[in-house]
Amino acid sequence: MNASSLEGAMGVHQQSLRKAGRDHSPLSIPRLTKEKILQACKERQLYTTPRLNENLYLQCFGIEKIENLEEYTGTKALWLEENHIGLIENIAHMHLLRCLFLQNNAIQRISGLHSLVNLQTLNLSHNLISKIEGLSQLKLLHTLELGHNFLSSVEDVSHLILCRRITVLQLSDNRLSDPRLVGVLEGLKCLKVLYLCNNPCIPRIAEVWGSYRKHMLSRLQGLTFLDERPVHKNEIRFSVAWAKGGSSAESHERALAVEEKQVSERPDLLAIHAAREERRLQIRQRRLEMGMPQDPPPFSSTPQQREEEEPASAASAVRYIRCPDGSLYPSSNPPTHASATAVAVGEEEKREREEEEEENHAREEEE
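Focus on the packing of helix 5 (residues 201-209) against helix 6 (residues 212-219)
It is at 8 Å that the axes of helix 5 and helix 6 come closest, and there the two elements cross at 85°. The pairing of helix 5 with helix 6 is recorded here as roughly perpendicular in orientation. On helix 6, the residues touching I202, I205, A206 and W209 of helix 5 are Y212, H215, M216 and R219. Class assignment for the residues of the contact of helix 5 with helix 6 results in 6 nonpolar, 1 polar and 1 charged.

A closer look at the sheet that holds strand 9 (residues 229-230)
Think of a sheet as strands paired side by side through backbone hydrogen bonds, with each pair either parallel or antiparallel. Spatial strand order, 1-2-3-4-5-6-7-8-9: 9 strands in an open sheet with mixed pairing. Lying at the two open borders of the sheet, with one neighbouring strand each, are strand 1 (55-57) and strand 9. Pairing analysis gives 3 bridges linking strand 4 (residues 121-123) to strand 5 (residues 143-145), with the strands arranged parallel. Residue pairing across strands places N123 opposite E145, the latter belonging to strand 5.

Examining the environment of Q108
Along the polypeptide, Q108 turns up in the loop between strand 3 (99-101) and strand 4. Along the chain, Q108 and K131 lie 23 residues apart, while their C-alpha atoms are 8.7 Å from each other.

Description of the packing of aromatic side chains
Evaluated as defined, the whole model comprises 3 aromatic pairs. With a centroid separation of 6.3 Å and an interplanar angle of 40°, the aromatic rings of Y195 and F225 are classed as tilted. Of the two residues, Y195 sits in strand 7 (residues 193-195) while F225 sits in strand 8 (residues 225-226), which places them 30 residues apart along the sequence. Taking the relative accessible area as the measure of exposure, Y195 reaches 22% and is therefore partly exposed.

Quick look at the packing of helix 6 against helix 7 (residues 235-289)
For the pair helix 6 and helix 7, interaxial distance at closest approach is 7 Å and the crossing angle is 120°. Handedness of the crossing formed by helix 6 with helix 7: left-handed. Side by side, helix 6 and helix 7 meet where R213, K214, H215, L217 and S218 of the first sit next to E235, I236, S239, V240, W242, A243 and E250 of the second. Partitioned by chemical class, the residues of the contact of helix 6 with helix 7 number 5 nonpolar, 3 polar and 4 charged.

So, the side chain of N174
By secondary structure assignment, the location of N174 is in the loop between strand 6 (168-170) and helix 4 (181-186). A distance of 3.0 Å separates the side chain of N174 from the backbone oxygen of L146, its partner in a polar contact. Of note is the side chain of N174, whose polar atom sits 3.2 Å from the backbone nitrogen of L151. Residues within four places of N174 in sequence aside, it is in contact with L146, G147, H148, N149, F150, L151, N198, N199 and P200.

Focus on a negative patch on the surface
A surface patch of like charges, here negative, comprises E352, E354, E355, E356, E357, E358 and E359. Note that E352 resides in helix 9 (residues 336-366).

What counts and how
- Along each chain, residues carry numbers from 1 onward, in the same order as the chain's sequence is written.
- Restriction of local features to residues with pLDDT of at least 70 applies here, the model being predicted, together with a cutoff of 80 or more for giving and counting side-chain atom pairs; totals for whole chains, interfaces and linings are based on all residues.
- Note that the side-chain values use all heavy atoms of the structure and ignore hydrogens as well as water.
- A fitted line through C-alpha atoms represents every axis, and for helices the fit uses only the stretch in contact; the resulting angles, taken between N-to-C directions, go from 0 to 180 degrees.
- Strands here are runs of E lasting at least two residues and helices are runs of H or I lasting at least four, both read from the DSSP assignment and numbered beginning at the N terminus.
- To sort the angles, those under 35 degrees are grouped as roughly parallel, those over 145 as roughly antiparallel, those from 65 to 115 as roughly perpendicular, and the leftovers as oblique.
- What makes two residues a contact is simply this: any of their non-hydrogen atoms within 4.5 Å.
- Residues are grouped as follows: Ala, Val, Leu, Ile, Met, Phe, Trp, Tyr, Cys and Pro are nonpolar; Asp, Glu, Lys and Arg are charged; every other residue, Gly included, is polar.
- Two strands qualify as a pair provided DSSP detects at least 2 bridges between them.
- For Phe, Tyr and Trp, rings pair up if their centres lie within 6.5 Å, where Trp contributes its six-membered ring, and each pair is then called stacked (planes under 30 degrees apart), edge-to-face (over 60) or tilted (otherwise).
- Remark: exposure states derive from per-residue accessible area (1.4 Å probe, protein chains only) relative to the maximum for the residue type, with buried under 20%, exposed over 50%, and partly exposed in between.
- Two helices that cross are described as forming a left-handed crossing if the nearer one is turned anticlockwise from the farther one by less than a right angle, and a right-handed crossing if clockwise.
- Think of a polar contact as two N or O atoms within 3.5 Å of one another; within protein, one of them needs to be a possible hydrogen donor and the other a possible acceptor, and neighboring residues in sequence only count if both atoms come from side chains.
- Two distance rules govern patches: like charges are joined within 9 Å, and nonpolar side chains (Val, Leu, Ile, Met, Phe, Trp, Tyr) within 5 Å, applied only to residues with over 30% relative accessible area and no salt bridge.
- Using a 1.4 Å probe, the Shrake-Rupley method yields the accessible areas, and only the shown protein chains count as cover for residues.
- Salt bridges are defined as contacts in which a side-chain nitrogen from Lys or Arg sits within 4 Å of a carboxyl oxygen from Asp or Glu.
- The charged-residue count follows a simple rule in which Lys and Arg add positive charge and Asp and Glu add negative charge, with His and chain termini not counted at all.
- Charged groups are reduced to one reference atom each: NZ for lysine, CZ for arginine, CG for aspartic acid, CD for glutamic acid.

Keep in mind that these numbers describe shape and distance, not what the molecule does.
Dropping the structure here:
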């Protein structure tokens, strides 16, 4: 980025601060004092002993310099966004730091991070960075956000090749215009999530290779998310076929995928049909034991048909007797013990009714 562009960006940033009431004279620029840091910890209900704080929230303070953090050696997550910081400094002693949030500042260069060997997440979006550098020592870094900066050429991002562990990369809303950028991204073997939207290189990639998304997925086959859209199961497979043989090869690959899905689902369908048939045979056997037809009568689709069938079905309905052992027998042909049980039950009920009538009659006479 040239000097005029940088000065213009700095001027815009200062104007935004002035509008927000945070632009101060040199004698009144807010500083990150120990008292202010301690007060911020109290407001967040954190520890007053600096080394015990794993999280440190220092955003929106309007500061221009990072300082007075020497005692915070146990910090693992540091929030410094929404300030006016121009240089990353005075945090080299935070060896346990895992997450660093510096978005929405005025940082022009990535520096001062080589000793943060445990750093895993770095957010530098919405700054004035024109080149990626100073990250080769961060072997555990897996999330890097550099959206809304001033990256423009392949050389500006070539340092990413040394960051082998990156899985999430945010490069949207920059000035990247060279389609050869894809070659650099191919070196990131662990890359899963990529944001590259709103860069001039996207229409150029589509113009050169025919389709931006298909070309990216055919070359970056480990992606699971591209520009705010997830990558579905077979999308990379179809994109690779498209890159090799065009639309016809892609159509052929889609047809193969449909056939493979049907073959994989066939055992499940056969198992379902077998279970249904087994259950159907069990029901038929049970109906035979009960003296009923093997198959139930067909369902009548209209009310008129059902009304015509109801008298006939009522006339031909089979009545059953339940024996003491729980079994059912047709009333027309009950077993000997079932018939005797039914007669005994009927006589018992008749005797109980007669006794009840006599008691009611005697009660009425007394009244």
